[in-house]
Amino acid sequence: MSIHIEAKAGEIADKVLLPGDPLRAKYIAEKFLDNPKQYNNVRGMLGFTGTYKGVPVSVQGSGMGMPSAAIYATELIREYGVKKLIRVGTCGSIQKDVHVRDLVLAQAAATSSAIIRNDFPKHDFPQIADFNLLLKAYETAKEKGFNIHVGNVLSDDMFYKDSMDEVFRLGEHGVLGIEMEAAVLYYLAAKYHIQALALMTVSDHILTGEETTSEERQSTFDEMMIVALDTIIA
Ligand SMILES: O=P(O)(O)O[C@H]1O[C@H](CO)[C@@H](O)[C@H]1O
Ligand SMILES: O=c1cc[nH]c(=O)[nH]1
């Protein structure tokens, strides 16, 4: 048991999917896992363990933003011995050719957060994905014919911003989309020597204004779940 997770020792698998939305965790557990058992309801941040293709896998809501995601990732790693974390999130596209419902694999994550800068004030510590998870996810998506893009994302601290100018300039430097958690996940993976990957479905397009519904963000986006699950058990 940790401060924010009430699971007993052994109730969480060493492979965990991390959606921001706890109801997306419930959806994944019910739709994709065999014999899912809920192990967490502290703060309503649902967590479940079941099996996928015979392999134990857990799925844990991580909330919105890096402070929240860092709490769940740290407790999963330090208190429950988790070795592989794959974020299954949503992002906003800032590239014309990255469309709503496409998949985005974060090879790396830029960030506006001070979390990493506070630890390394004189260095820009690069936030990168685990190479083996990245490769497996990319190959899995390609084999299945899913639209997938690989590159840099922006993990931002602010969802509502007064100005998007700097975000658009990052787009001009190839950043694919905006979300709010990947960078800290990659940072904690480096810190604790575990494997992490952030995979997102484009839920809205910042340039065109195209959007998905909140119901779609909570459930559906099944292509992302299949890629993440086949990757985490490999
Ligand atoms: O859909 P999730 O995984 O929560 O991800 C994105 O959606 C939230 C904002 O609506 C942020 O957490 C952002 O990273
Ligand atoms: O963080 C996020 C997630 C989806 N869309 C955005 O614009 N930002």
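Residues numbered from 1 in each chain as written. Chains lettered and ligands numbered in written order. Predicted model: local features only at pLDDT ≥ 70, side-chain atom pairs only at ≥ 80, totals over all residues. Heavy atoms only, no water.

1. Overview of the site of ligand 2
So, step 1. Every residue lining ligand 2 is accounted for by Thr90, Cys91, Gly92, Phe159, Ile178, Glu179, Met180, Ser203, Asp204 and Ile206.
So, step 2. Measuring from a nitrogen atom of ligand 2, one finds a backbone N or O atom of glycine 92 at 3.3 Å.
So, step 3. For ligand 2, a nitrogen atom lies 3.0 Å from a polar atom in the side chain of aspartate 204.
So, step 4. Relative to its unbound accessible surface of 240 Å², ligand 2 loses 88% to contact with the protein.
So, step 5. Secondary structure elements with two or more residues in the shell around ligand 2: β5 (84–93), β8 (177–179) and β9 (195–205).
So, step 6. No other element matches the three residues that β5 contributes to the shell around ligand 2.
So, step 7. Its residues assigned to classes, the shell around ligand 2 shows five nonpolar, three polar and two charged. (Near = heavy atom within 4 Å. Polar contact = N/O pair within 3.5 Å; in protein donor to acceptor, adjacent residues only side chain to side chain. Areas by Shrake-Rupley, 256 points an atom, 1.4 Å probe, with all protein chains shown as cover. Helix = DSSP H or I, 4+ residues; strand = E, 2+ residues; numbered from the N terminus. Nonpolar A, V, L, I, M, F, W, Y, C, P; charged D, E, K, R; others polar.)

2. Quick look at the UniProt feature "binding site: a purine D-ribonucleoside" (unreviewed entry) in the protein chain
So, step 1. Within this numbering scheme, the UniProt entry marks His4, Glu179, Met180, Glu181, Ser203 and Asp204 as carrying the feature "binding site: a purine D-ribonucleoside" (unreviewed entry). The greatest C-alpha distance among the annotated residues, which extend across 201 residues, is 30.3 Å, indicating that they are dispersed rather than converging on a single site.
So, step 2. With respect to the helices and strands, the residue histidine 4 is situated in the segment before β1 (15–18).
So, step 3. Setting aside residues no more than four positions away along its own chain, histidine 4 makes contact with Asn40, Val42, Arg43, Ile71, Tyr72 and Glu75.
So, step 4. Positionally, aspartate 204 belongs in strand β9. (UniProt positions renumbered as here; feature names shortened; annotations may be inferred. Contact = heavy atoms within 4.5 Å.)

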